[in-house]
Amino acid sequence: MKLYHSNGSPHARRVRILIAEKGLDIELIPVDLGAKEQFSPAYRAINPRAVVPTLVLDDGTAIGEVPAIQRYLEEAFPERPLLGTTTKEKAVITMWDRRAEQEGFLPAIEAVRNAVAGLKGRALSGPHAYDQIPELVERGRLRVANFYRDFDARLREAPFVAGDRYSVADITALAAVDFAAKALDLPIPPEAIALKRWHDAVAARPSAQA
Ligand SMILES: N[C@@H](CCC(=O)N[C@@H](CS)C(=O)NCC(=O)O)C(=O)O
C-alpha cells in the first residue's frame, strides 16, 4: 500500500495522523504540488482529480478523498479504532468530523486559496480552474473565528471533540486549527480556554508530528 501525499497539504496530514495513530507502516510517496506534479499524466492516471492524498492498494485500486481513505484504513486495520465501534459512537464521531471539516477545515482553506497570489485561477483544487473571489477571504476568516468559538463551547463539555475518546474528529479539528494558525495567522484566541486545553493535549500526541 502507498500513500501519495504532500508534506504541506493539510488534507494529506489528516491521513498521515490517522496512520500514525494506528501505528501503520505505509509507504509515503511525495507529490510536488509546487512543481504541479499533481497534473502530470502519471499522477492523473492515479487520481484524475489531480489532488492529494491518494491511497493505492496492493491490487492497484486507487482511493481518493480523505474520509474514504480513513474509512478504508479503519476497516482494514480495526485495532485502535478512530471512527467508533458501536452504531451510536460511529454516528456521533461522523457528525463531529463533518462539523470540524465544514466549519473549520474547509473555511480555512477557502480563505487561503482565495487570497494567495500563487493560487490565482486555482481558488479550488481539482482539475478545473476557478478565479479567486476576494470577499471569501474575510468570510473564511470569520467562519474560522466562529469555529473556534463553537468548538471551544463544545470542549467545555467534553474532553475530546466527539466525546470521551480521541477520534478522527480530533484529527480534522487539529488540522483545521494548525492550518488556520499558520496560513491565516489565526491562532486560538486567549479566551477559548477549553479549545486551547484540548489543542495542547492533541498536539502533544506523537501523531501530531505527521
Ligand atoms: N476533497 C479532497 C481534497 C484534496 C485537496 O484539495 N488536496 C489539495 C492539497 S491540501 C491538493 O491536492 N491541491 C492541489 C492543487 O491545488 O492543485 C480530499 O478530501 O482528499
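Residues numbered from 1 in each chain as written. Predicted model: local features only at pLDDT ≥ 70, side-chain atom pairs only at ≥ 80, totals over all residues. Heavy atoms only, no water.

The protein chain is annotated in an unreviewed UniProt entry as Glutathione S-transferase from Nitrospirillum amazonense.

1. Considerations on the site of the ligand
Using the following cut-off: Residue proximity to a molecule or strand is established when one non-hydrogen atom of the residue lies within 4 Å of it. Here a polar contact means two N or O atoms within 3.5 Å. Within protein one must be a hydrogen donor candidate and the other an acceptor candidate, and residues neighboring in sequence count only if both atoms are side-chain atoms. Exposure was quantified through the Shrake-Rupley algorithm and a 1.4 Å probe, taking into account, for residues, occlusion by the shown protein chains and nothing else. Under this grouping Gly is polar, as are all residues other than the nonpolar Ala, Val, Leu, Ile, Met, Phe, Trp, Tyr, Cys and Pro and the charged Asp, Glu, Lys and Arg. Residue ranges labeled as domains rest on an automatic or database domain assignment.
Close contacts around the ligand come from 13 residues, with Gln38, Val52, Glu65, Arg113 and Ser125 the closest. The contact in question runs from an oxygen atom of the ligand to an N or O atom on the side chain of glutamine 38, over 2.8 Å. Glutamate 65 places a polar side-chain atom, nitrogen or oxygen, 2.7 Å from a nitrogen atom of the ligand. If the ligand stood free it would expose 520 Å²; the protein chains cover 88% of that surface. In the shell around the ligand, the residues fall into six nonpolar, four polar and three charged. Residue contributions to the shell around the ligand reach at least three from each of two domains, namely domain 1 (2-76) and domain 2 (87-209).

2. Quick look at the pairing of strand 1 (residues 2-5)
Our working definition: Note: two strands are recorded as paired if DSSP finds a minimum of 2 bridges between them. The helix count covers DSSP runs of H or I at least four residues long, the strand count covers runs of E at least two residues long, and both are numbered beginning at the N terminus.
Pairing analysis gives four bridges linking strand 1 to strand 2 (residues 27-30), with the strands arranged parallel. Note on strand 2: the bridge partner recorded for histidine 5 is proline 30. When strand 1 meets strand 3 (residues 54-56), the two strands line up antiparallel, connected through three bridges. Paired with lysine 2 across the two strands is valine 56, which belongs to strand 3.

3. Side note on the nonpolar core
Selection criterion: Nonpolar core, defined: a set of buried Ala, Val, Leu, Ile, Met, Phe, Trp, Tyr and Cys residues in which side-chain atoms within 4.5 Å join the residues together. Think of it in three bands: residues with accessible area under 20% of the maximum for their type are buried, residues over 50% are exposed, and the middle band is partly exposed, with areas taken using a 1.4 Å probe on protein chains only.
By size, the foremost hydrophobic cluster in this structure holds 51 residues, and its most contacted members are Leu55, Leu73, Tyr148, Val161, Leu184, Leu195 and Trp198. Contributions of two or more residues to this core are made by helix 1 (10-22), helix 3 (66-76), helix 4 (87-113), helix 5 (135-155), helix 6 (168-183) and helix 7 (193-203). Top element by residues in this core is helix 6. It accounts for 10 residues. Mapping this core onto the domain boundaries places at least three of its residues in each of domain 1 (2-76) and domain 2 (87-209). Formed by six residues, the second largest nonpolar core is a distinct cluster that contains Tyr4, Ile29, Val52 and Val56.

4. Thoughts on the UniProt feature "domain: GST C-terminal" (unreviewed entry) in the protein chain
This is how it is decided: UniProt positions are given in the numbering used here, feature names are shortened, and annotations may be inferred rather than shown by experiment.
Under the feature "domain: GST C-terminal" (unreviewed entry), the UniProt entry names residues 86-210. A helix fraction of 60% and a strand fraction of 0% characterise residues 86-210, whose end C-alpha atoms lie 28 Å from each other.

5. Focus: the packing of aromatic side chains
Quick note on the threshold: Classification of ring pairs uses Phe, Tyr and Trp, with its six-membered ring standing for Trp, and accepts pairs whose centres are within 6.5 Å; under 30 degrees between planes counts as stacked, over 60 as edge-to-face, and the remaining range as tilted. We call a charge positioned over a ring when the NZ of a Lys or the CZ of an Arg lies within 6 Å of the ring centre and within 35 degrees of the ring normal.
The tally for this structure, following the rule as stated, stands at five aromatic pairs. Aromatic pair tyrosine 4 and tyrosine 43: ring centres 5.9 Å apart, planes at 55°, arrangement tilted. With a gap of 39 residues between them, tyrosine 4 in strand 1 and tyrosine 43 in helix 2 (residues 41-46) connect regions that are remote in the sequence. There is no split in this pair, since tyrosine 4 and tyrosine 43 are both buried. Note on tryptophan 96 and phenylalanine 151: the rings are 5.6 Å apart at their centroids and 90° apart in plane angle, and the pair reads as edge-to-face. Taken together, the residues span a long stretch of sequence, with tryptophan 96 in helix 4 and phenylalanine 151 in helix 5 at a distance of 55 residues. For tryptophan 96, a relative accessible area of 8% puts it in the buried group. The exposure class of phenylalanine 151 is buried, given its relative accessible area of 1%. Three or more aromatic residues joined by ring pairs form one cluster here, namely Trp96, Phe147, Tyr148 and Phe151. Over the face of the ring belonging to phenylalanine 105 we find arginine 14, whose NZ or CZ atom lies 4.6 Å from the ring centre.

6. Quick word on the domain arrangement of the protein chain
Put simply, the rule is: The contact definition used throughout considers only heavy atoms, calling two residues in contact when any of these lie within 4.5 Å. The term buried area denotes the loss of accessible surface (1.4 Å probe radius) that occurs when two parts are joined, taken as the sum for both partners. The term salt bridge refers to a pairing of a side-chain nitrogen on Lys or Arg with a carboxyl oxygen on Asp or Glu at a separation within 4 Å.
Taken domain by domain, the protein chain consists of domain 1 (2-76) and domain 2 (87-209). Using C-alpha coordinates to define each centre, domain 1 is positioned 20 Å away from domain 2. Domain 1 puts 14 residues into the contact, and the matching count from domain 2 is 20 residues. Taken together, the two surfaces of domain 1 and domain 2 that pack against each other cover about 1500 Å², and 58% of this comes from carbon and sulfur. Considering only the side of domain 1, the residues that lose the most area to domain 2 are Arg13, Arg14 and Glu21, jointly responsible for 36% of the buried surface there. Viewed at the interface, domain 2 and domain 1 are joined by three salt bridges. One salt bridge connects glutamate 21 with arginine 205, and the closest N-O pair in it is separated by 2.9 Å. Counting every contact that joins domain 1 to domain 2 gives six residue pairs in polar contact (both at pLDDT 80 or more). No other element matches helix 1, which puts eight residues into the side of domain 1 that touches domain 2. The class makeup of the residues in the side of domain 1 that touches domain 2 is seven nonpolar, two polar and five charged.

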